[in-house]
Amino acid sequence: MNNNKKQSLENIVTTENSGWLAKALWAKVNKKWLNRSSGVSLSVLEALREKEWSQKKLAQEMKVSSQQINKILKGQQNLTFETVSKLEDALGVTLMEIIPFRRENAKQIIQAKSLREEVSKPTKQQIQPVINVGNKATLKIAYNRNASVQYKNAG
Amino acid sequence: VKIINTFVPQLRAFKFSSVDELERNLDLWTNTKYLYEFFEKNKSNLSFFDVSTVAEAVEKTLLYVEVLRDNLIELVYQKNPNIDSLFHNLNDNEYKADVLLSKQKSKSGWLRLYAIKVEGNIYVITGGAIKLTEKMSQSDVTIEEQKKLDLCRNYLKDEGIYDELTLMELMI
C-alpha cells in the first residue's frame, strides 16, 4: 500500500470508540427507574393523542419549555414527583399511584399469624410491631396496555 | 465517513454523523417518543405481528433492544466471543459464506442491525432499522438501509478494505 493511500485510509479507519457501551451499561444499572420513566412517557403520549394536543400545548399548560416536554417524552428522565404531578394536572390523568403495600402486607401477616394463634396464642405485644409498620408506601406506575381506557374513565 | 471501534471484538461501525451507526440506532430504539411516533406512522404493519396497539409495539421494542444490548455486552466481556452468532447473511437464501464484503444482518425481534462482513470475520455496521415488512423493499426505512449497505460496500471496495489485515493495520 503506498503512503498516500495509507494516509487517506487512516483518516477513515480510526481508533475512536463508540459511545454505545457506556450508555448500555448505564441503562442496565438504572433499568428499574428507566422502565418507569418510559411507562410515564407512554401514558403521556397516549393522553396527548386522545386529547389531540400537541407537545407545545402541553408545555404551555404546564408552563415549561417544549424542550423539557421533549426530554420527558424520550422516557429517560428521572422525573420528580413535582413534574409527574404537573403532567397529571395538565392532562387530567393518573400517571402514578401510591400503594400502601406495607399495610396490606402487615394485614396478611396478621391473618397468617391469627391462624397460628390457635396453636401458640401470641400476646398483643407480639403482633403490635407488625401493625406499626404501615406508614411507609411505595410507588406504582399506573401505565398499562389499557392506559387509554383508564384515561377515558378518568376524564 | 469514519470506521470506529465498538468495544465488541471484530465489530466496527460506520460513523456518518456525530455518533456511529450502532450508538445512533440504540439511542433511537430506547427513545419512547421516537418509537411511539414510528409505530403510529407504521401501525398498519403491526397486525402481522399480533400487536394491537402502538403502546404495545413500543413496549416490545424496549424489550428487544434490551436483549440486543445484553448480547452485545456479553460479547464485550466474553473470553472467546463468537461474533458470527450475532450476524447472518442479509439474504436468507444465501448460504455462501465466502462472498467478498457480504451484506449481513443481526436480528432481535423486528430490530435489525446491518453490516458488511470483511474477510477475517470483521463486521462493519452500516445502519439499522425496525423492520415491519417481509421484504426490505417494502418500506422506506429499510429501502434507505439497503442503499446504505450498497454505498458502504462500494466504499470499502473502492478504498481497498477487503480484509481484517488492512483494517487492523490501520487501527494500530
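Residues numbered from 1 in each chain as written. Chains lettered and ligands numbered in written order. Predicted model: local features only at pLDDT ≥ 70, side-chain atom pairs only at ≥ 80, totals over all residues. Heavy atoms only, no water.

Caption draft 1: Broad picture of the overall build of chain B. Scanning chain B from terminus to terminus reveals five helices and six strands. Reading the secondary structure of chain B in the N-to-C direction produces β-β-α-α-α-β-β-β-β-α-α. Its C-alpha radius of gyration of 16 Å places chain B within 12% of the 16 Å reference for a compact globule of 172 residues. When its C-alpha atoms are laid out on the principal axes, chain B stretches across 50 × 35 × 30 Å. Expressed as a percentage of its 172 residues, the buried residues of chain B come to 52%. Pairs at least 24 apart in sequence give 52% of the contacts found in chain B among residues at least 6 apart. For chain B, the accessible surface area stands at approximately 8200 Å², while carbon and sulfur atoms represent 49% of it. A gap of 2 Å separates the mean positions of the 22 positive and 27 negative side-chain charges of chain B. (Helix = DSSP H or I, 4+ residues; strand = E, 2+ residues; numbered from the N terminus. Rg over C-alpha atoms; globule rule 2.2 N^0.38 Å. Buried < 20%, exposed > 50% of the residue type's maximum accessible area, 1.4 Å probe, protein only. Contact = heavy atoms within 4.5 Å. Areas by Shrake-Rupley, 256 points an atom, 1.4 Å probe, with all protein chains shown as cover. Lys, Arg positive; Asp, Glu negative; His and termini not counted. Charge placed at Lys NZ, Arg CZ, Asp CG, Glu CD.)

Caption draft 2: Up close: the environment of Gly128(B). Residues and elements named next belong to chain B. Checked against the element boundaries, glycine 128 lands in strand E6 (residues 122–130). For the pair glycine 128 and asparagine 42, spaced 86 residues apart in the sequence, the C-alpha separation amounts to 17 Å. Ignoring anything within four residues of it in the chain, the contact list for glycine 128 reads Asn25, Trp29, Arg112, Leu113, Tyr114 and Glu145.

Caption draft 3: Geometry of the interface of chain B and chain A. Counting residues at the interface gives 44 residues for chain B, matched by 37 residues for chain A. Taken together, both faces of the contact between chain B and chain A bury some 3600 Å²; the carbon and sulfur share is 58%. Scanning the region where chain B abuts chain A turns up six salt bridges. As a salt-bridge pair, Glu16(A) and Lys2(B) come within 3.4 Å of each other at their nearest N and O atoms. The interface formed by chain B and chain A holds 18 residue pairs in polar contact (both at pLDDT 80 or more) in total. Going through the elements one at a time, strand E1 (2–5), helix H1 (21–29), helix H2 (32–41), helix H3 (54–77), helix H4 (140–159) and helix H5 (164–171) of chain B are the ones with two or more residues in the side of chain B that touches chain A. It is H3(B) that provides the largest number of residues to the side of chain B that touches chain A, a total of twelve residues. When the residues that make up the side of chain B that touches chain A are grouped by side-chain class, the tally is 20 nonpolar, seven polar and 17 charged. (Buried area = accessible area lost by both parts, 1.4 Å probe. Salt bridge = Lys/Arg side-chain N within 4 Å of Asp/Glu carboxyl O. Polar contact = N/O pair within 3.5 Å; in protein donor to acceptor, adjacent residues only side chain to side chain. Nonpolar A, V, L, I, M, F, W, Y, C, P; charged D, E, K, R; others polar.)

Caption draft 4: Structural view of the nonpolar core. Counting 57 residues, the largest nonpolar core has Trp20(A), Val44(A), Leu58(A), Phe39(B), Leu72(B), Trp110(B) and Ile130(B) as the members making the most contacts within it. Here this core takes eleven residues from H3(B), the largest share from any one element. In this structure, Val44(A) is in contact with Leu58(A), Leu73(A), Leu87(A), Leu91(A) and Leu95(A), ignoring residues within four places of it in sequence. Grouped together as the second largest cluster of nonpolar side chains are 17 residues, Leu90(B), Tyr114(B), Ala129(B) and Met136(B) included. (Core = buried A, V, L, I, M, F, W, Y, C linked by side-chain atoms within 4.5 Å.)

Caption draft 5: Layout of unusual backbone geometry. Residues and elements named next belong to chain A. A positive phi angle is found at glutamate 52, which is not glycine, with a value near 55°. Relative to the helices and strands, glutamate 52 is located in the loop between helix H3 (31–51) and helix H4 (55–62). Looking at glutamate 52, the relative accessible area reads 74%, which means it is exposed. One non-glycine residue, lysine 63, lies in positive phi territory at about 55°. Mapped onto the fold, lysine 63 is located in the loop between H4 and helix H5 (66–73). By relative accessible area, which is 74% here, lysine 63 ends up exposed.

Caption draft 6: A look at the sheet that holds strand E1 (residues 13–17) of chain A. Read across the sheet, seven strands follow the order E1(A)-E1(B)-E2(B)-E6(B)-E5(B)-E4(B)-E3(B) without closing on themselves; strand pairing throughout is mixed. Each edge of the open sheet carries a strand with a single partner, namely E1 of chain A together with strand E3 (88–89) of chain B. Sheet topology note: the E1(A)/E1(B) ladder contains two bridges and is parallel. Note on E1(B): the bridge partner recorded for Val13(A) is Ile3(B). With respect to the sheet, H4(B) is in contact with E1, strand E2 (11–15), strand E4 (102–108), strand E5 (111–118) and E6 of chain B, its orientation differing from that of E6(B) by roughly 160°. (Pairing = 2+ DSSP bridges. Axes fitted to C-alpha atoms, helices over the stretch in contact; angles between N-to-C directions.)

Caption draft 7: Highlighting the pairing of E2(B). Residues and elements named next belong to chain B. Within E2, five of the five residues are buried, which leaves it mostly tucked inside the rest of the structure. Side chains Leu11, Ala13 and Lys15 project from E2 onto one buried face, and the interleaved Arg12 and Phe14 project onto a second face that is buried too. One ladder, built from four bridges, connects E1 with E2; its direction is antiparallel. Paired with lysine 2 across the two strands is lysine 15, which belongs to E2. Linking two consecutive strands that pair antiparallel, namely E1 and E2, is a turn of five residues; a positive phi of about 80° is found at phenylalanine 7 within it. The pairing of E2 with E6 spans three bridges and is classified as parallel.

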